[in-house]
Structure formats: structure tokens, C-alpha cells
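# Close look at the chain arrangement
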Amino acid sequence: MKQEQISPFQLTCLIGNFIFTGVLISVPQILVEISKQNTWIVILFTYILTTTFFYLICRKPEKLEKLKSLFNIDKRTWIKKVFFSVLSMYLLFIYIRDFRAFTSFIDGILLPDTPIDIIALLTTLTLIYISLTGIEVISRVTVIHFITISIVVISLPFLLLNEIQLTNLLPFGGLHSGAEILKSTYIFFPWMTEAIVIVFLFVFLHPISHLNKAGIIGISCGFFLLFILIFLNITVLGVAITSEATYPNIKLIQQINLTDFLDRLDLVIEVVWIPTMLCKVSLLLFALNRLFNTFRRKDSDFNLVPLALLLSLTIRLFKNNIDGIEYSFFTWPTKGLLLELIIVFLFLILKRGKSDKVKKMSKKYDGIN
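None of the values given here were measured: they were computed from a predicted structure.

### What to know about the packing of helix α5 (residues 78–110) against helix α6 (residues 116–132)
For the pair α5 and α6, interaxial distance at closest approach is 10 Å and the crossing angle is 125°. In terms of axis orientation, α5 runs oblique to α6. For the pair α5 and α6, the sense of crossing is right-handed. Residues Y95, F99, R100, F102, T103, S104, I106 and D107 of α5 pack against I116, I119, A120, T123, T124 and L127 of α6. Partitioned by chemical class, the residues of the contact of α5 with α6 number eight nonpolar, four polar and two charged.

Structural data, given as C-alpha cells:
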């Protein structure tokens, strides 16, 4: 069977889409509420931290070539078992969080009269269909939709040019601005370092030598689009409205007024965003299924359907939309950061261990000759 492969450009779009689409739902609200008009600094500061974090796990990509057997279903060590367990837990928590956020958004904004269980079931069936097509198809679909939403976001400053008030960015700094920026960064950083999914995707990348470049560009694209939205939220809506709105970006695009008869452009832009979120969650489902197969030592997609249907029940873990949002704001930053640090630590051990093993075998081979 032919090994599935993705190109560096596809990986760039996957990473950019992965860290961008989930954040833009409601995260800007809590960031602006905490750091107010200085929130744009949070984006820049977190970008530096995220790229450094990414470089730490993906430097010297040629060494990762030896790690392509990491997900070999026939060879496992105790350290691999721990790594797979933590990585599975991490991806599972992201899936539950994003699945609940997506269904809550559809239920609250687009289909308020439809029971959320029906929305969850229909969403799950869509995710199953996309995930069963494999990583190559998921990548192609993501490229199309990520480029589309990027064009939309980049065009927003021009569409909202008459609404922008730069005075909303003032005053710069403040007595407690340092503490506020650090607090917002602590909440925001774990969301952005979800680019750690590269630990799983490098197995499919070809050529692997482009790993660092593709990753940095993907992260940069995601941050650039988020910076535009945060900047517009502050300058168009202002701190007061942004910090009180559940979905501030919806309020933002509702300010677009091209003509007297053309309105509700927010619905058009929401339709553009929905496929990008489906691409992200389907990638998570695909990854979870592959990890589940690794535990079972069987390479099969048959278990993806019951796995997805079981995960659809997780919407009941939250009583309402507010519970889901509070979990994302106050629980996930600590939990996500802790799991990310453990994953990076274990991955570096595996990477170093594999490299040392290769060196020993090479020296042994040279000694025989």
C-alpha cells in the first residue's frame, strides 16, 4: 500500500489553519478583556515564544528521518507507550474542546432552533467522511479553504476602512499593562503551541528537510491573520464591546457596510470559516484513529466510525455554552501547557535516543570494516 505523503506547502497550510481557526471563535474576547488596548502586543510576544518552542522540537530535521518508524505498529518500547498515551490525551482534549465550541457556535448563531444533539450528530458524520479519505485529501481540502479564509481576513481592513479608529489603541501601556500582557500570554500561548501536532505530521512530510521552513511559515501565517483580527477588534469595536461579546469577530464583520441594500455579509464569511474548522477537527480525528491503531497494533480505519460517534457524546460534558467557554479560558491554558511540555520532553528523549542508537550502530559497523 502506498505511503501517504504531504508536501511542505500543504503542511504550512495545515499548521496555519490548525492554530488559527479554533482561536478566532471567542478567544479574542478574553484576551481583550484582560490586556485591553495592548492585546496586539500579546500576539507579537506569543509569536516569539511559539516559534522558539517549535524550533526546539524540530531543529535538525534530518535526524527526524530516523524517527519515521516512531509510529510503527510492530515495535514499541515503554517510552513510546508513554509518549503515545500523553499525545493521545492531548489530541483528545483538543478535539472535545473544539467540537463543543463548533457545535455551540452553530447552535447559537446559525441554527438556534435545532437541538444541539442533532447538530453534533450531523457534524460527526461529516468529520467521519472527511477523516476516512486520509491525510492527503484532508491536506488538499485544507489548502483550498485556508487560502480562501486568508484572503477574506486580509481584505477585512479594506472593507472596514471607514470604521477604523486608531485612537482606540491609546493609551499605550499603563500601570498594570505588564501583568495584563503576561496573563493574556499565559492564556494564549497553549492555543498557539498546538502547532505541536507537527510531532505527528512529520511522519507524512516529504521532503522532511523542509520541516522547519514549512512550520515557521505556517505559524507566521496563523499569527498574521490573528493579528489582523485583534487589531480590527480593538480599532473598530473598541475594548468595551469586544470584551463583552461572546463572539467578537461576528460583531466585527457585521460592521461591514458596502451599500444600503447589501447586508448580512457575516453569514457569507461564516460559511467560509465553517469548512476550515471542519478540516481542523477532522485532522484531529484522523490522528486519534492512527494513534488508536498504534495501541492495537492494527492498521485499520474501521474503528474510526465508533470512535467518532463515541466522541460526539462529549458535548454532554458541558452543561451549556458558557461552561465550554469557561473551560477554554480558564482550564485549558494550564492543562494544555502541561501536556505540551510533557510531549516535547518525551519527544526529545525519543529523538536523542534514536540518534545515539544510530551513532552506536555506525561506529560498530566502521569497527567491523
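Moving on from the model shown.
### Brief notes about the nonpolar core
F188 and L201 are the most contacted members of the largest nonpolar core, which has 120 residues in total. Setting aside residues no more than four positions away along its own chain, F188 makes contact with V23, V27, L31, V42, I43, T46, F223 and L226.

### Structural notes on unusual backbone geometry
Residue P171 is bonded to the preceding L170 through a cis peptide linkage, with omega at 0°. Along the chain, P171 turns up in the loop between α7 (135–159) and α8 (177–192). Omega for the bond connecting H206 with P207 falls within 30 degrees of zero, at -5°, which places this linkage in the cis form. The phi torsion at K36 lies on the positive side, around 55°, for a residue other than glycine. Relative to the helices and strands, K36 is located in the loop between α2 (27–35) and α3 (39–58). For K36, a relative accessible area of 34% translates into the label partly exposed.

### Topic: helix α13 (residues 304–311)
Of the positions making up α13, those classed as buried are L304, L307, A308 and L311. Down the axis, α13 shows its buried residues gathered within 95° of arc, on one side only.

### Some remarks on a nonpolar patch on the surface
Taken together, the side chains of I118, L121, L122, L125, L132, V305 and L309 define a hydrophobic patch exposed on the protein surface, amounting to about 560 Å² of accessible area. Where the nonpolar patch is concerned, the elements lending two or more residues are α6 and α13. Turning to its location among the elements, I118 is positioned in helix α6.

### Looking at the pattern of salt bridges
Applying the stated criterion across every chain, the model contains seven salt bridges. Between E194 and R97 there is a salt bridge, with the nearest N and O atoms lying 2.7 Å from each other. Here E194 is found in the loop between α8 and α9 (198–201), whereas its partner R97 is found in helix α5, with 97 residues between them in sequence. Each member of the pair, E194 together with R97, is buried.

Cut-offs and rules
- Residues numbered from 1 in each chain as written.
- Predicted model: local features only at pLDDT ≥ 70, side-chain atom pairs only at ≥ 80, totals over all residues.
- Heavy atoms only, no water.
- Axes fitted to C-alpha atoms, helices over the stretch in contact; angles between N-to-C directions.
- Helix = DSSP H or I, 4+ residues; strand = E, 2+ residues; numbered from the N terminus.
- Parallel < 35°, antiparallel > 145°, perpendicular 65-115°, else oblique.
- Left-handed = near helix turned anticlockwise from the far one by under 90°.
- Contact = heavy atoms within 4.5 Å.
- Nonpolar A, V, L, I, M, F, W, Y, C, P; charged D, E, K, R; others polar.
- Core = buried A, V, L, I, M, F, W, Y, C linked by side-chain atoms within 4.5 Å.
- Buried < 20%, exposed > 50% of the residue type's maximum accessible area, 1.4 Å probe, protein only.
- Arc of directions from axis to C-beta.
- Patch = residues over 30% accessible without salt bridge, like charges linked within 9 Å, V, L, I, M, F, W, Y side chains within 5 Å.
- Areas by Shrake-Rupley, 256 points an atom, 1.4 Å probe, with all protein chains shown as cover.
- Salt bridge = Lys/Arg side-chain N within 4 Å of Asp/Glu carboxyl O.

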